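# Architecture at a glance
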Amino acid sequence: MRKSLLILALGAGIAAQAQELCGTIAERCEKHITTQYIPDGQFYRALLQGDEQAEFNLTLFGGTTYRVAACSGETDGALVFNVLDKDNNVLFSNKEQGNAPYWDLAVANTIDVRIEAGLDPSKSGSGCAVMLVGFKK
Amino acid sequence: MRLEPTSVAARTFDTRITNLYRASMSAPTSSTIALGLSLGLLMVACGGPETTTGTTGADTLAVDTTPKETELLNVGGKLFSIPSPVQTALAMRKAGLKYQKDLTTPLDKGESVVGKIGQSAVLGMYGADMAYVTVHKDGQRAMATMQAIEKLGGKLELTNSFDRSLLDRFKDNLGSEDSLLQFSGTAFRAADQYLKDNKRDDVSALVLAGGWVESLYLTVSDPAAAKDQAMVNRIGEQKNSLNALVSLLEASDKEKGATALITAMKELQALFAGVTNTYTFQEPVTDAAKKTTFINSTSSVTIPADQLAAIMAKVTAIRNLMLA
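Residues numbered from 1 in each chain as written. Chains lettered and ligands numbered in written order. Predicted model: local features only at pLDDT ≥ 70, side-chain atom pairs only at ≥ 80, totals over all residues.

### Describing the overall build of chain A
Within chain A, the regular secondary structure consists of 1 helix and 9 strands. In sequence order, chain A lays out its α and β elements as α-β-β-β-β-β-β-β-β-β. Within the span of chain A, comprising 137 residues, buried residues form 52% of the whole. Put simply, of all contacts in chain A between residues at least 6 apart along the chain, 79% involve residues at least 24 apart. (Helix = DSSP H or I, 4+ residues; strand = E, 2+ residues; numbered from the N terminus. Buried ≥ 20, exposed ≤ 12 C-beta atoms within 10 Å, placed from the backbone. Contact = placed C-beta atoms within 7 Å.)

### Observations regarding the overall build of chain B
When its secondary structure is counted, chain B shows 14 helices and 5 strands. Buried residues in chain B amount to 48% of all 324 residues. Nonlocal contacts in chain B, meaning residues at least 24 apart in sequence, comprise 71% of its contacts between residues at least 6 apart.

### Considering the sheet that holds strand S3 (residues 53-60) of chain A
Strand order across the open sheet formed by 5 strands is S6(A)-S5(A)-S8(A)-S3(A)-S1(B), with mixed pairing between neighbours. What marks the edges here is a single partner per strand, and that holds for strand S6 (90-93) of chain A together with strand S1 (78-80) of chain B. Strand-to-strand twist across the sheet, computed as the mean angle between neighbouring axes with direction ignored, equals 20°. Note: S3 of chain A against strand S8 (residues 111-119) of chain A, 8 bridges, orientation antiparallel. Within S8 of chain A, the residue paired with Phe 56 of chain A across the bridge is Ile 115 of chain A. (Pairing = 2+ DSSP bridges. Axes fitted to C-alpha atoms, helices over the stretch in contact; angles between N-to-C directions.)

### Some details on the nonpolar core
Among the nonpolar cores identified, the biggest contains 120 residues, and Val 68, Val 130 and Met 131 of chain A together with Leu 245 of chain B are the most heavily contacted of them. Every residue in contact with Val 130 of chain A, bar those within four places of it in the chain, is listed here: Cys 22, Ile 25, Ala 26, Cys 29, Arg 45, Cys 71 and Ser 72 of chain A. (Core = buried A, V, L, I, M, F, W, Y, C linked by C-beta atoms within 7 Å.)

### Some thoughts on the pairing of S6 of chain A
Residues and elements named next belong to chain A. In terms of strand pairing, strand S5 (residues 79-84) meets S6 through 3 bridges, oriented antiparallel. Residue pairing across strands places Val 83 opposite Phe 92, the latter belonging to S6. Where S5 folds back onto S6 in an antiparallel hairpin, the turn is made up of 5 residues, including Asn 88, whose phi is positive at roughly 70°.

### Concerning the environment of Met 322 of chain B
All names here are of chain B. Note that Met 322 resides in helix H14 (residues 305-323). You can call Met 322 buried: it has 26 C-beta atoms within 10 Å. Put simply, Met 322 and Val 122 are 200 residues apart on the chain and 7.3 Å apart in space, counted from C-alpha to C-alpha. Ignoring sequence-local partners within four residues, the contact set of Met 322 consists of Ala 121, Met 125, Gly 210, Val 213 and Leu 261.

### A closer look at the packing of helix H6 (residues 116-135) of chain B against helix H10 (residues 201-220) of chain B
All names here are of chain B. Two elements in contact, H6 and H10, have axes whose closest approach is 7 Å; the angle formed by their N-to-C orientations is 45°. The angle between H6 and H10 falls in the class oblique. You can see that H6 and H10 cross each other, and the crossing is right-handed. Here H6 contributes Lys 116, Ile 117, Ser 120, Ala 121, Val 122, Leu 123, Gly 124, Met 125, Gly 127, Ala 128, Asp 129 and Tyr 132 to the contact with H10, which in turn contributes Val 203, Leu 206, Val 207, Leu 208, Ala 209, Gly 210, Gly 211, Glu 214, Ser 215 and Leu 218. Class assignment of the residues belonging to the contact of H6 with H10 gives a composition of 13 nonpolar, 6 polar and 3 charged. (Parallel < 35°, antiparallel > 145°, perpendicular 65-115°, else oblique. Left-handed = near helix turned anticlockwise from the far one by under 90°. Nonpolar A, V, L, I, M, F, W, Y, C, P; charged D, E, K, R; others polar.)

### Some details on unusual backbone geometry
Residue and element names in this part refer to chain B. One non-glycine residue, Lys 137, lies in positive phi territory at about 60°. Of note, Lys 137 is situated in the loop between H6 and helix H7 (139-155). Residue Lys 137 is classed as partly exposed on the basis of its C-beta count, with 13 C-beta atoms lying within 10 Å.

### A word on the environment of Thr 263 of chain B
All names here are of chain B. Looking at where Thr 263 falls in the secondary structure, it is placed in helix H13 (residues 259-272). The exposure class of Thr 263 is exposed, given the 11 C-beta atoms found within 10 Å. For Thr 263 and Ile 318, which are 55 residues apart along the polypeptide, the C-alpha to C-alpha distance reads 9.9 Å.

### Details of the packing of helix H4 (residues 85-95) of chain B against H10 of chain B
All names here are of chain B. The contact between H4 and H10 brings their axes to 9 Å, and the two run at 5°. For the element pair H4 / H10, the angle class is roughly parallel. Contact residues: H4 offers Pro 85, Thr 88 and Met 92, while H10 offers Gly 211, Glu 214, Ser 215, Leu 218 and Thr 219. Residues belonging to the contact of H4 with H10 are distributed by class as follows: 3 nonpolar, 4 polar and 1 charged.

So, in C-alpha cells, the structure goes:
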C-alpha cells in the first residue's frame with residue numbers, strides 16, 4: 001500500500017514536471033511568433049532522443065509569409081530543422097543559418113512541405129522539440 | 001525536469017518516448033512520460049531486496065542502449081498541420097465572396113449539442129466562424145461567437161484557454177481585426193496544447209476537423225466561389241490537409257465514436273482523388289539578413305467541374321452530420 005502511494009506520488013510529481021518541460025520550451029518558442037503573425041492555432045511537439053527526427057507536414061499557401069519557430073532545450077539553437085518539398089528538395093535548413101530558432105518562408109505558390117526536426121547533438125542528447133507556426137495576413 | 005543521461009531513469013524515459021512514438025500517432029503525453037520515469041525511478045529507489053522487481057521492470061521496458069540508425073518517426077511520430085481557418089477566411093475576402101452571416105453555425109448550437117464528438121466539432125466550427133466574421137469586420141458577431149466558444153470550451157474543460165479574461169480582451173479590442181485574430185489563434189493553440197498534454201487527442205482532432213469543414217463549407221456555399229479560379233485552387237489545395245485530418249481522426253478515435261464522421265471524410269477523400277496537383281521545383285532564395293527564404297516553386301491544381309460539385313455537396317453533408 002505504502003509502495004503504491006509512493007508510485008502514485010512519484011508519478012503525479014513527475015507528470016507535472018514532464019508537462020512543464022515542453023510547456024517551458026513552448027513559452028520561449030511563442031515569443032518568436034511575434035504580433036505581426038497570426039498563430040495557426042495548433043501546437044506541435046515531439047520527444048526526441050539521439051539522432052531521431054520528428055516530421056511535420058504542412059501545406060503552405062501561395063501568397064503567404066509563414067514564420068516557423070522550432071525550439072528545444074534550455075536555449076535557442078538546440079533544434080536543427082530542414083524544410084523539404086515533396087521531391088525531397090531542401091528548401092531551407094536552419095543549420096546553414098546558425099541553427100536559427102525561427103525563419104520566415106515567403107511562399108509564392110501553394111506547396112506541400114515536410115519539416116524534419118532533430119536535436120543538435122552538440123547541444124542536447126534528448127528532449128522536447130516544439131514547433132510553432134504563424135503567418136502574416 | 002532535466003533529462004540527465006546519467007541515471008537509469010533518464011534512459012528509461014527516452015526509451016518509453018521512442019516506443020510511444022512508434023506505437024501511436026497521438027502526441028506524446030505527460031502521463032506516459034511519467035509512467036516511464038516513475039518506473040525508472042522506482043527501479044532506482046527500490047534497490048536491495050526489491051532489485052528483482054526493478055530488474056523485471058527494466059526488462060519489460062526493454063531499455064535499448066545500442067546506437068540507433070538515424071530514423072524518422074514515421075507514422076507514429078508524424079505530425080500534421082491543418083491550415084488555419086483564418087487563411088481561408090482571408091482568401092474568401094480577397095476573392096470578394098459575399099459575407100453571409102447566416103451561413104455560420106447557430107450560436108445556440110453550443111448549448112444544445114451533447115457528447116464529446118459533437119461538442120468538439122462545433123467548437124472547431126465556431127473557431128472558423130470566428131475567423132470568418134472577424135475578417136468581415138463584424139465585431140458584434142465576433143464577440144457573440146467568442147462567448148459561445150467560452151461556454152462550449154467550459155463544457156469541454158478548456159476554461160484555461162477560453163476564459164473570462166479572453167472575453168475581456170476581445171471586448172476591449174473589437175475594432176482591431178489583427179488583435180482579434182491574434183487572440184483567437186493564441187487561445188486555440190493553448191487549447192490544443194492543453195488537450196495534447198492531457199491525452200485528449202481525439203478532441204484536438206475533432207476541433208481541427210470542425211474548423212476545417214466549416215471553413216470549406218463557408219467557401220463552397222457561395223456560388224461565386226466555383227467561378228473564381230483562386231478559390232477553386234484553394235479548395236483543391238486542401239487535398240493533403242484532408243488526408244492529414246483523416247489520419248488524425250482515425251488514430252485518435254480510440255473509442256470508435258467518430259466512425260460515421262470518419263467514413264464521411266473518407267468519402268470526401270475519394271472525391272478529392274480526382275483533384276490533380278502539379279508541382280515544379282524552383283531554386284529558393286534566402287535572404288539571411290531578413291531571415292526569410294523565398295520559395296518560388298510553382299504548382300497548379302485541376303478539378304473537373306463535376307468533381308467540384310460533388311466535393312461541394314459532400315462538404316455540406318459532412319457539416320450537417322456534425323451539426324446533427
